[in-house]
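# Fold and geometry: a report
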Amino acid sequence: MRSLFPRVLMAGVVVALGFPTFLQADQPQPPEGFRALFNGKDLTGWYGWNPHSSVKLAGEKKEENLKKQREEFPQNWTVENGELINDGHGPYATTEEEFGDIEMRIEYKTVPSADSGIYLRGTPQVQIWDSNQKFDPMRPTRRPHLGSGGLFNNAPDAPGRDPAVLADRPFGEWNTLRIRQIGDRTWVWLNDQVTVDNAVMENYWDRSKPLPAKGPIMLQTHGGEIRWRNIFIREISPEEGKKILAEAAAKQ
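Residue numbers restart at each chain and count upward from 1, following the sequence in its written direction. Whole-chain, interface and lining totals are the exception, using all residues; otherwise, since this is a predicted model, local features are given only for residues with pLDDT of at least 70 and side-chain atom pairs are given and counted only at 80 or more. Each side-chain value is derived from all of the structure's non-hydrogen atoms; neither hydrogens nor water enter the calculation.

## Overview of the sheet that holds strand β5 (residues 46-48)
Within a sheet, each strand pairs with its neighbour through backbone hydrogen bonds, oriented either parallel or antiparallel. Following DSSP output, two strands are said to pair if at least two bridges run between them. The way it works is that DSSP assigns letters per residue, a run of H or I at least four long becomes a helix, a run of E at least two long becomes a strand, and they are numbered from the N terminus. With antiparallel pairing, the five strands of this open sheet are ordered in space as β5-β8-β15-β10-β11. Strands at the two margins of the open sheet, each flanked by one partner only, are β5 and β11 (123-128). On average, adjacent strands in this sheet sit at an angle of 30° to one another, irrespective of strand direction. Relative to strand β15 (residues 218-220), strand β8 (residues 93-95) runs antiparallel, the two sharing two bridges. When the sheet's bridge partners are listed, threonine 94 is paired in β15 with methionine 218. To get an axis, fit a line to the C-alpha atoms, keeping to the stretch in contact for a helix; angles then go from 0 to 180 degrees between the N-to-C directions.

This is how it looks when you write it as structure tokens:
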């Protein structure tokens with residue numbers, strides 16, 4: 001299959017169709033139509049929130065918890081050479097903005113035994129695994145050996161829960177994710193390969209309800225260092241969304 005991101009080397013920049021990756025730290029350069037969510041210099045636009053630790057709280061206890069997480073955030077998240085780095089601990093990096101229908105581009109690099117992901121509309125998640133883990137028959141619905149890029153928090157065996165292909169790169173290399181979401185319909189490309197194709201992303205918080213119309217993007221931290229860079233987003237208009245959904249339906 002022809003790459004979605006053909007690459008050429010020009011003046012110290014690897015250019016992938018609308019997705020430049022700088023060989024040295026530089027200002028993020030969004031593709032046409034996109035904007036940067038991470039400025040490459042500091043934590044502006046982001047705060048700390050692990051929703052699992054606050055979902056059952058209310059009132060003053062919840063406010064105290066959220067305040068503490070914001071205060072903890074810079075202890076575990078740092079910026080270096082244009083990369084957003086987490087040490088494997090602390091609350092998740094959460095956008096101050098909320099988003100609905102989007103296309104997102106992001107690169108990440110992680111380490112053995114780490115477990116991470118990207119929450120969309122504050123809901124888990126596009127999964128990031130250590131795909132070298134062995135399948136454990138005692139935990140049959142946990143399948144890291146199948147690779148990253150699936151919607152792991154969908155119900156077991158639901159469409160899109162496991163990635164369609166194993167597309168993870170070796171440790172030490174950067175992985176590229178492209179994510180598109182319209183309503184609850186979700187597409188994921190990992191390193192140019194389709195891992196989720198027009199699957200419904202379930203509402204983990206209440207499966208009887210659809211995804212919320214909007215919510216923050218969250219970068220999960222769990223069990224090991226992960227580095228992120230080139231975090232770009234564009235919002236999809238209702239007209240474009242309808243067109244994409246109609247084209248997808250015609251292919252089924």
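Read on for the rest.
## Remarks on the pairing of strand β9 (residues 102-110)
Here the term buried applies to any residue with accessible area under 20% of the maximum for its type, exposed to any over 50%, and partly exposed to those in between, with areas from a 1.4 Å probe on protein chains only. Where burial is concerned, most of β9 is hidden: eight out of the nine residues are buried. Of the strand pairs in this sheet, β9 and strand β16 (residues 226-235) are connected by eight bridges, and their pairing is antiparallel. Paired with lysine 109 across the two strands is arginine 227, which belongs to β16. As paired elements, β9 and strand β12 (residues 175-182) share seven bridges and run antiparallel to each other. Counted as the bridge partner of tyrosine 108 is asparagine 175 from β12.

## Concerning a nonpolar patch on the surface
Residues Val55, Tyr204 and Trp205 make up a contiguous nonpolar surface patch of roughly 260 Å² in combined accessible area. In this fold, tryptophan 205 is placed in the loop between β14 (193-200) and β15. Patch membership requires over 30% relative accessible area and the absence of a salt bridge. Like charges are linked within 9 Å, and nonpolar side chains (Val, Leu, Ile, Met, Phe, Trp, Tyr) within 5 Å. Using a 1.4 Å probe, accessible areas were evaluated by the Shrake-Rupley method; residue-level cover was limited to the displayed protein chains. Whenever Lys or Arg places a side-chain nitrogen within 4 Å of a carboxyl oxygen from Asp or Glu, that contact is recorded as a salt bridge.

## Overview of helix α2 (residues 238-251)
Taking 1.5 Å as the rise per residue, α2 with 14 residues should run 20 Å; its terminal C-alpha atoms sit 20 Å apart, in good agreement. Here α2 has its buried residues at Gly241, Ile244 and Ala248. Within α2, the buried residues cover an arc of 70° as seen down the axis, which keeps them to one side. Those residues of α2 that are exposed and angled more than 90 degrees off the buried face are Pro238, Glu239, Lys242, Lys243 and Ala250. Each helix should span, by expectation, one fewer than its residue count multiplied by 1.5 Å. Each direction from the helix axis to a C-beta atom contributes to the arc, which is the arc of those directions.

## Examining the confidence of the model for the protein chain
Note on scores: pLDDT gives the predictor's confidence for each residue, bounded by 0 and 100. Confidence in the prediction of the protein chain, expressed as mean pLDDT, is 91, and 90% of residues score 70 or more. Contacts are residue-level and defined by heavy atoms, with any inter-residue pair within 4.5 Å sufficient. Between residues 1-17, whose pLDDT stays under 50, and residues either more than four places distant or in other chains, the model counts 36 contacts. Low pLDDT, under 50, characterises residues 19-24; the predicted model gives this stretch 26 contacts beyond four residues in sequence or across chains.

## Thoughts on unusual backbone geometry
Cis rather than trans, the peptide bond between proline 124 and glutamine 125 has omega equal to -20°. As for its position among the elements, glutamine 125 is in strand β11. A positive phi angle is found at asparagine 198, which is not glycine, with a value near 60°.

## Regarding the environment of glutamate 240
By secondary structure assignment, the location of glutamate 240 is in helix α2. The sequence separation of glutamate 240 and isoleucine 182 amounts to 58 residues, and the corresponding C-alpha distance is 9.6 Å.

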